[in-house]
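# An overview of the molecular structure
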Amino acid sequence: MGDENVTKNELYSKILSEIKKRESAPKKMIFLRRWFVAASITTLLIASASLVFYMKHNSSYFIAKNSIYPVNKHSIAPGGNKALLTLADGSKITLDDAASGELAKQSGTKVSKAANGQLVYTVENSASHATAPGLPEYNVIETPKGGQYQVNLADGTKVWLNAGSSLKYPTNFDSAVRKVELAGEAYFEVAKNAHKPFQVISNQQMVEVLGTHFNISSYTDENFG
């Protein structure tokens, strides 16, 4: 009986030991999982704080689509109202230096600079638009790099000329077609006229409309900046 009791006690002790091991195993796994989650969150917070600190002290960079692109704050200067106007007689006017008011009169059309800096053409005498039939007078406006200018043509069309561009146009549109020539880039808001199409000739292409708005870019140098 003594040996039998010893054997039973040893077996009972082994069973209890095995049960304790099994009970303690899930607790250890839960502890390990919780520790891993806590460590991951701590690492993420440290990385986020480091990134915010880096961006605040390196404002010349920004993040887009998981990539970092350098940005030169001084690479693009804002365009100003700068342009040179050449009249039909060849005389030139630096528009950014010219005072507001009337600049010239050409065959019944007044050329003026508005208070907001725009160049405006106004038809005053419809009986004397051109010096001779079929020979309209043309003006040319040119913007330098870093310049821009708005022109309100005699028919009411508005043109925003971008930097490094030029526009050649008649002082008044007497012919059946309203035709202008563009080099560079400009945005047009064409005054509606179903009887007189508006044509823009630029870099071996022609756009014709009756009245709408659109942008044309025709720089001869593709690397213009």
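Everything below is about the structure printed above this text.
A short tour of the structure in this document, coming up. Only a predicted model underlies this, so the values are computations on that prediction, with no experimental measurement involved. (Residues numbered from 1 in each chain as written. Predicted model: local features only at pLDDT ≥ 70, side-chain atom pairs only at ≥ 80, totals over all residues. Heavy atoms only, no water.)

We now examine the overall build of the protein chain. When its secondary structure is counted, the protein chain shows one helix and 16 strands. Surface summary for the protein chain: the accessible area is close to 15100 Å², and the carbon and sulfur share equals 57%. (Helix = DSSP H or I, 4+ residues; strand = E, 2+ residues; numbered from the N terminus. Areas by Shrake-Rupley, 256 points an atom, 1.4 Å probe, with all protein chains shown as cover.)

This paragraph deals with the pattern of salt bridges. Evaluated as defined, the whole model comprises two salt bridges. For Asp155, the salt bridge goes to Arg178, with nearest N and O atoms at 2.6 Å. In this pair, Asp155 sits in the loop between β10 (147–152) and β11 (158–161) while Arg178 sits in strand β13 (residues 178–189), placing the two residues 23 residues apart along the sequence. A relative accessible area of 1% means that Arg178 is categorised as buried. (Salt bridge = Lys/Arg side-chain N within 4 Å of Asp/Glu carboxyl O. Buried < 20%, exposed > 50% of the residue type's maximum accessible area, 1.4 Å probe, protein only.)

This part is about the environment of Asp97. Along the chain, the position of Asp97 falls in the loop between β5 (92–94) and β6 (101–106). Separated by 13 residues in sequence, Asp97 and Leu84 have C-alpha atoms that sit 9.7 Å apart.

Judged by nonpolar contacts, the single largest core of 30 residues is most densely connected at Leu85, Leu119, Ile141, Tyr169 and Phe188. Listed by contribution, the elements that provide at least two residues to this core are β8 (119–123), β10, β11, β12 (166–170), β13, β14 (198–202) and β16 (213–218). When residues of this core are assigned to their parent elements, the largest contribution, four residues, is made by β13. (Core = buried A, V, L, I, M, F, W, Y, C linked by side-chain atoms within 4.5 Å.)

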